[in-house]
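Given next are the chains, with one letter for each unit.
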Amino acid sequence: MGVDEYDNGLDATEGVEFYSGILCAGFVNAHSHIELAYLRGAIEEGGGYAAFASSIGKVRGEFSEEEQLSAIVEADRAMWAEGVDAVGDIVNGATSFAVKESSKIYYHNFAEVFGLRECNLERQRELLRYSNTSLTPHSTYSVQDAPFKEVCGSAIDKPLSIHFLESESESKLYNGEGSLHEWYKAVGFECDFLHYGSPTQRIVESVPGQRSVMLVHNCALAQCDIDTMVSHFTAPLYWVLCPRSNRYISGIEPQSVALLRASKLNICIGTDSLSSNWSLSMVEELKQFSGVPLAEKLQWATINGAKALGIDDRFGTIEVGKHSGIVNLIGVNLDDFTLTEASRAVRIL
Ligand SMILES: [Zn+2]
């Protein structure tokens with residue numbers, strides 16, 4: 001990663017190609033939902049989390065299977081062209097698997113278990129016949145106690161990917177307040193897990209400490225959540241940030257990045273889905289963290305994601321024996337190594 005100086009002799013060496021900017025390893029998009037690519041622009045920005053969740057249910061039926069598939073093909077193509085080698089991808093159904101089978105991108109598929117009234121656990125188990133697929137609960141507010149514990153306690157060699165503290169309403173639900181609580185009350189959803197007292201406490205009491213977990217969003221994270229998590233887990237935890245999605249849905253800025261950096265935790269980058277983002281560009285996500293050194297951000301976007309998905313033997317750094325892509329970051333300010341508005345990634349290899 002980075003730029004090396006070279007002596008004058010190198011440009012005469014046969015077979016040497018020159019690129020301006022920075023070369024880095026291929027990216028690992030730690031959190032996306034490629035099957036929702038057809039919803040680009042379908043949900044209005046800034047409505048808040050509860051409004052977003054209920055509109056997704058409404059607009060989903062408005063698109064044909066063909067439209068859904070062609071959006072998945074285009075999203076896969078765009079991610080590859082912009083240097084994404086691997087994706088931690090949430091799946092609810094089977095629509096994306098045909099594209100993935102012929103894709104150059106490596107996908108780890110998290111078959112998402114959710115449903116307060118009717119849990120889809122059995123249906124999601126059928127998706128385990130596809131390669132690189134494991135179960136995960138959607139979040140600490142959308143799955144009842146028994147299926148949550150069952151998913152968290154089985155196949156513990158596989159990582160989990162849990163939407164976590166995306167908004168304050170997740171914690172407030174446990175205190176009988178906030179927008180999720182109001183929504184559940186209005187539609188008559190009962191929760192049998194509120195005795196845990198908080199999303200964090202629910203996770204540490206349900207997930208074995210030796211299991212690796214990707215915690216996705218972390219917008220409403222407090223230091224006490226970090227402390228509780230870190231003291232429970234012996235396996236590595238990965239804190240996935242998706243800043244553009246948070247801004248799209250609720251206008252929330254990724255404040256927790258300072259806490260995570262101060263505790264030297266493993267930060268990863270995800271784009272979330274095109275239902276809450278205008279593109280699946282990793283560089284656009286990195287632009288949101290203007291005060292953080294570029295070399296550190298590139299680790300978030302490469303090796304940290306690869307470790308989280310357990311594929312760092314193949315991806316995440318440019319090393320002999322690995323199969324990482326090589327990405328050219330152009331439009332970078334090379335005087336102070338910062339991204340500019342014009343920065344973008346182009347795959348070279
Ligand atoms: Zn998500």
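Below, the structure is looked at part by part.

Quick notes on the rules
Residue positions are counted from 1 within each chain, in the order its sequence is given. The predicted nature of this model means local features are confined to residues of pLDDT at least 70 and side-chain atom pairs, given and counted, to a pLDDT of 80 or more, with totals for whole chains, interfaces and linings taken over all residues. Secondary structure is summarised from DSSP: a helix means a run of H or I of at least four residues, a strand means a run of E of at least two, and numbering begins at the N terminus for each. Throughout, the radius of gyration refers to the C-alpha atoms, and the reference size of a globule is 2.2 Å times the residue count to the power 0.38. Any residue whose C-beta has 12 or fewer other C-beta atoms within 10 Å is treated as exposed, any with 20 or more as buried, and any in between as partly exposed, C-beta atoms being built from the backbone. Contact between two residues is assigned when their C-beta atoms, built from the backbone, lie within 7 Å. When DSSP finds two or more bridges between a pair of strands, those strands are recorded as paired. Axis definition: a line fit to C-alpha positions, over the contact stretch in the case of helices; interaxial angles, taken between N-to-C directions, run 0 to 180 degrees. Expected span of a helix: the number of residues minus one, times 1.5 Å. A set of buried residues drawn from Ala, Val, Leu, Ile, Met, Phe, Trp, Tyr and Cys, joined through C-beta atoms within 7 Å, is what defines a nonpolar core. If you view a crossover with the strands going away from you and the path from the first strand over the helix to the second runs clockwise, you call it right-handed.

**A few points about the overall build of the chain**
Argument step 1. Across its full length, the chain holds 14 helices and 11 strands.
Argument step 2. Radius of gyration (C-alpha) of the chain: 20 Å, near the 20 Å computed for a compact globule of 349 residues.
Argument step 3. Classification of the 349 residues of the chain by burial places 44% in the buried group.
Argument step 4. Considering only intrachain contacts with a sequence separation of at least 6, the fraction spanning at least 24 residues in the chain is 71%.

**Some details on the sheet that holds strand S11 (residues 338–347)**
Argument step 1. One open sheet accounts for three strands, arranged S1-S10-S11; its pairing is antiparallel. Strands with a single pairing partner mark the edges of an open sheet, and in this sheet they are strand S1 (22–25) and S11. Between one strand axis and the next, the sheet turns through 30° on average, direction left out of account.
Argument step 2. Where strand S10 (residues 326–333) lies against S11, six bridges are found, and the strand directions are antiparallel. Following the sheet pairing, Val327 is matched in S11 by Arg347.

**Things to note about helix H2 (residues 65–81)**
Argument step 1. Compared with an ideal rise of 1.5 Å per residue, which puts 17 residues at 24 Å, H2 spans 25 Å between its outermost C-alpha atoms and is within 8% of the ideal.
Argument step 2. As for H2, its buried residues are in contact with strand S2 (27–32), strand S3 (84–91) and helix H3 (97–101).
Argument step 3. Backbone geometry just downstream of H2 places Gly83 in the positive-phi region, at approximately 95°.

**Remarks on the nonpolar core**
Argument step 1. Met214, Val240 and Cys268 are the most contacted members of the largest nonpolar core, which totals 79 residues.
Argument step 2. The leading source of residues in this core is S3, at five residues.
Argument step 3. Residues within four places of Met214 in sequence aside, it is in contact with Ala30, Gly88, Pro159, Leu160, Ser161, Tyr238, Val240, Cys268 and Ala308.
Argument step 4. Formed by nine residues, the second largest nonpolar core is a distinct cluster that contains Tyr49, Tyr141, Leu173 and Tyr248.

**Focus: the sheet that holds strand S4 (residues 106–113)**
Argument step 1. Reading across from one edge, S2-S3-S4-S5 is the order of the four strands in this open sheet, with parallel pairing throughout. The open sheet has two edge strands, S2 and strand S5 (133–137), and neither has a second partner. Strand-to-strand, the axes of this sheet are offset by a mean angle of 20°, without reference to chain direction.

**Looking at the environment of Ser64**
Argument step 1. Tracing the backbone through its elements, the reader meets Ser64 in the loop between helix H1 (49–59) and H2.
Argument step 2. For Ser64 and Tyr38, which are 26 residues apart along the polypeptide, the C-alpha to C-alpha distance reads 9.5 Å.

**A few points about unusual backbone geometry**
Leaving glycine aside, a negative phi is the common case for residues, and trans is the common case for peptide bonds.
Argument step 1. In this structure, Asn218 is a non-glycine residue whose phi angle is positive, near 55°.
Argument step 2. Along the chain, the position of Asn218 falls in the loop between strand S7 (213–217) and helix H9 (223–232).
Argument step 3. Not every positive phi belongs to a glycine, and Asp272 is a case in point at roughly 60°.
Argument step 4. Secondary-structure assignment places Asp272 in the loop between strand S9 (266–269) and helix H12 (282–286).
Argument step 5. When the 27 C-beta atoms within 10 Å are taken as the criterion, Asp272 is described as buried.

**Quick look at the pairing of S10**
Argument step 1. Sheet topology places S1 next to S10; four bridges connect them, and they run antiparallel. Paired with Cys24 across the strands is Val327, a residue of S10.
Argument step 2. Linking two consecutive strands that pair antiparallel, namely S10 and S11, is a turn of four residues; a positive phi of about 50° is found at Phe337 within it.

**Considering the pairing of S5**
Argument step 1. Across five bridges, S4 lies against S5 in parallel orientation. Note on S5: the bridge partner recorded for Phe110 is Ser134.
Argument step 2. Handedness of the crossover joining S4 and S5 through helix H4 (residues 121–126): right-handed.

**So, the environment of Leu237**
Argument step 1. Along the chain, Leu237 falls in strand S8 (residues 237–241).
Argument step 2. Residue class for Leu237 comes out partly exposed when judged on the 19 C-beta atoms lying within 10 Å of it.
Argument step 3. Along the backbone, Leu237 and Arg211 are 26 residues apart, and their C-alpha atoms lie at a distance of 8.7 Å.
Argument step 4. In this view, Leu237 contacts Val213, Leu215, Met229, Leu265 and Asn266; residues no more than four positions away in its chain are not counted.

**Points about the environment of Pro199**
Argument step 1. Examined against the element boundaries, Pro199 turns out to sit in helix H8 (residues 199–206).
Argument step 2. In contact with Pro199, not counting residues within four places along its chain, are Thr140, Phe164, Leu165, Glu170 and Ser171.

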